[in-house]
Amino acid sequence: MTTMSEANPVNAERAAESSASRRVGRQARSRITDVAARAGVSIKTVSRVANGEPGVRDETRERVLAAINELGFVPNSTARSLKTGGHDVIGVVIDSISDPFFASLVSVIEDLTLARDMSVVFASTGFDATRERDQLQRLAGHQLCGLIVAPVAVTAEELQVYRRRFPVVAADRAREGIDSVVVDDFGTVLNPLLVKGQ
């Protein structure tokens, strides 16, 4: 039986070059075991430092932090949430990020969640009902602690299914039985005119 390199050495050489270029272009993600080996400590010590837990001597903490920085280690938040049972991600489904109202809303949500050491996952619907349902299902696959949605076609009953797993808030458009934050655009424009008597 002949191998690919024996049958066509040019193709084999191209495959090897392609494989090498992929390895060079994409650095492997550092793991907690890499940090532990570099710092000369246990995996548990790296975990304590990465999570800001007490019980680690200052010089050991500095050594671990230096290894984390050198290797570019980023703790796996999904693994952490599975281990601790905690959820620190807010899901947000909006019409379009280019809409000024939703751009402002997203900015505020992000500022508030970051201040609480939480993360945000955004998705847009493009005013499309099918895409909205797909985006909601994708986000629900994350370990969410809450969901903010500007509903397009999704019903209150559909949102109640998600509400059994985490809090759900409807933004800009109300749904019966779902907590909602709605801006009265018409009243906001009309009230100043009425006050001025126009």
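Everything below is about the structure shown above.
Now for a description of the structure that goes with this document. This structure is a prediction, so every number in the text was calculated from the model and none was measured.

Conventions adopted
Residues numbered from 1 in each chain as written. Predicted model: local features only at pLDDT ≥ 70, side-chain atom pairs only at ≥ 80, totals over all residues. Heavy atoms only, no water. Pairing = 2+ DSSP bridges. Helix = DSSP H or I, 4+ residues; strand = E, 2+ residues; numbered from the N terminus. Right-handed = clockwise from strand over helix to strand, strands pointing away. Expected span 1.5 Å × (residues − 1). Axes fitted to C-alpha atoms, helices over the stretch in contact; angles between N-to-C directions.

Both strand E1 (residues 89–94) and strand E3 (residues 144–149) contribute to a ladder of five bridges, which runs parallel. Bridge pairing links Val-89 to Leu-144 in E3. In the sheet, E3 pairs with strand E4 (residues 168–171) via three bridges, with the strands oriented parallel. Bridging across to E4, Ile-148 finds its partner in Val-169. Taken together, E3, helix H9 (residues 156–163) and E4 form a β-α-β motif whose crossover is right-handed.

Take helix H5 (residues 58–71) next. Every α-helical turn comprises 3.6 residues, leaving residues that sit three or four positions apart pointing alike. A rise of 1.5 Å per residue sets the reference length of H5, with its 14 residues, at 20 Å; its end C-alpha atoms lie 20 Å apart and thus fit the reference within 8%. Looking one or two residues beyond H5, the residue adopting positive phi is Gly-72, at roughly 65 degrees.

Right, let's talk about the sheet that holds E1 for a bit. The five strands lie next to each other as E2-E1-E3-E4-E5, forming an open sheet whose pairing is parallel. The open sheet has two edge strands with one neighbour each: strand E2 (119–124) and strand E5 (179–181). Each neighbouring strand pair of the sheet contributes to a mean axis angle of 20 degrees, computed without reference to strand direction.

When E1 meets E2, the two strands line up parallel, connected through six bridges. Across the sheet, Val-92 pairs through a bridge with Phe-122, a residue of E2. Crossover handedness for the path E1 to helix H7 (residues 100–115) to E2: right-handed.

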